[in-house]
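Observations on the three-dimensional arrangement
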Amino acid sequence: MATDPEPAEGSVPSARIVDWLLAGDPSIRFQTLRDLCDAPDFEVAKAQAEIAGNGWGALLLQAQDPDGTWGGGLYNPKWTSTMFTLLLLHWLGLPPGHPQAVSGCLRLLDGAEYFDGGICFDRHPKRAENCVTAMTVLVGCELGQRLDGDSRIDDAVAWLLAEALNDGGWNCEPHTSLGKHASFHTTISTLEALAAYRHSGGPLPVAAAEVRGREFLLAHSLYCSHRTGSVASPALAQFRFPPQWHFDILRGLEYFRAENCPLDDRMSRAVDAVASNRRSPGNWGGYRPYPGRLWFRWSREDISRWATLRCARMLRWWESSGNVGDFGTRSGVG
């Protein structure tokens, strides 16, 4: 395919960059066709179906233990246990309802400890954990499609709703902790879980909680301290793949894009930070993965493909809604 000149800052990726993405793993090809190429639905569906049979998705499915778990555990070891393998399959784009993923989700639910609907996987748990509960809901809804209405998913969502803090977000510490401030990490996990639950047809009303949780992130410009207004941690501006349970600004922006939320000026600082990390000739470099066991030692090129895909589609969304020029400047957005 002929290539066009490199785009100006803020424009769509060049044909050369898109071709490079399309030549990657089936999971990257699928998401590139869907999110950057506006390919026909049948072509996107065909590409998604290839994830289970080729590349990283196939390798993960082949690694499943006979009992339906991965890595010999439900939540540990990180990052090869059942929970984090299912999360990785979710981020790769494995089609919902794949039998092996459903089996893994059921193993999570059957092996969990429950506290008023909340979930924990500790050997001697004392209470449920918000992050763990949210991640279980996410994979159960996205990959397991709520497992035929399994009531344990509904109970977990009800528990998450009750755990919301006064500032609109969530924290892995219980909501009864006096003066507890929400966490970026826990809030994004919960928002993703509630969105997946809503999209899967869950009966509980979650929209109001989602609005409050989004407002918490926006009030902090996605990664700034509520006390000083400065960046809360440099790590929040480093977008690793996979993110595991961690929040970063790209993951936050991807959530707003996926939910087609109205643009807000308070996102612009995070968008600027993502755009400023663009490398010549039009792609993004990756970051060293979080410490722990990994199924794959992602090569630098592979990580760059992920970063480029994720950043490019987020910027495309930002610009298509009326943002022009510098990424911190909005035009025509109500």
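Report on the accompanying structure. (Residues numbered from 1 in each chain as written. Predicted model: local features only at pLDDT ≥ 70, side-chain atom pairs only at ≥ 80, totals over all residues. Heavy atoms only, no water.)

1. Digging into the packing of aromatic side chains
Aromatic ring pairs are described here by two measures, namely the spacing of the ring centres and the angle between the planes. In the structure shown here, the tally under the stated rule is 11 aromatic pairs. On the basis of an interplanar angle of 80 degrees and a centroid distance of 5.4 Å, the ring pair of Phe-239 and Tyr-287 is categorised as edge-to-face. You can see Phe-239 sitting in the loop between α10 (207-219) and α11 (249-258) and its partner Tyr-287 sitting in the loop between β4 (283-284) and α13 (300-320), a full 48 residues away along the chain. In terms of burial, Phe-239 and Tyr-287 fall into one category: buried. Here the aromatic cluster, defined as three or more aromatic residues joined through ring pairs, consists of Trp-56, Phe-241, Phe-296 and Trp-306. Of note, Arg-240 hangs over the ring of Tyr-290, and the distance from its end group to the ring centre comes to 4.8 Å. (Phe/Tyr/Trp six-rings, centres within 6.5 Å; stacked < 30°, edge-to-face > 60°. Helix = DSSP H or I, 4+ residues; strand = E, 2+ residues; numbered from the N terminus. Buried < 20%, exposed > 50% of the residue type's maximum accessible area, 1.4 Å probe, protein only. Lys NZ or Arg CZ within 6 Å of the ring centre and 35° of its normal.)

2. A word on the nonpolar core
If you look at the biggest cluster of nonpolar residues, it comprises 104 residues, and the most contacted ones within it are Leu-86, Leu-89, Phe-121, Phe-256 and Met-267. In this structure Phe-121 touches Leu-74, Tyr-75, Met-83, Leu-108, Gly-111, Ala-112, Val-132 and Thr-136, once residues within four positions along its chain are discounted. (Core = buried A, V, L, I, M, F, W, Y, C linked by side-chain atoms within 4.5 Å. Contact = heavy atoms within 4.5 Å.)

3. Side note on the packing of helix α8 (residues 151-162) against helix α9 (residues 184-199)
As a packed pair, α8 and α9 sit with axes 11 Å apart at the nearest point and diverge in direction by 135 degrees. The orientation of α8 with respect to α9, classified from their angle, is oblique. Remark: the crossing between α8 and α9 carries left-handed chirality. Counting all contacts with α8, which are made through Ile-153, Asp-154, Val-157, Leu-160 and Leu-161, the residues of α9 involved are Thr-190, Leu-194 and Tyr-197. Among the residues forming the contact of α8 with α9, the class breakdown is 6 nonpolar, 1 polar and 1 charged. (Axes fitted to C-alpha atoms, helices over the stretch in contact; angles between N-to-C directions. Parallel < 35°, antiparallel > 145°, perpendicular 65-115°, else oblique. Left-handed = near helix turned anticlockwise from the far one by under 90°. Nonpolar A, V, L, I, M, F, W, Y, C, P; charged D, E, K, R; others polar.)

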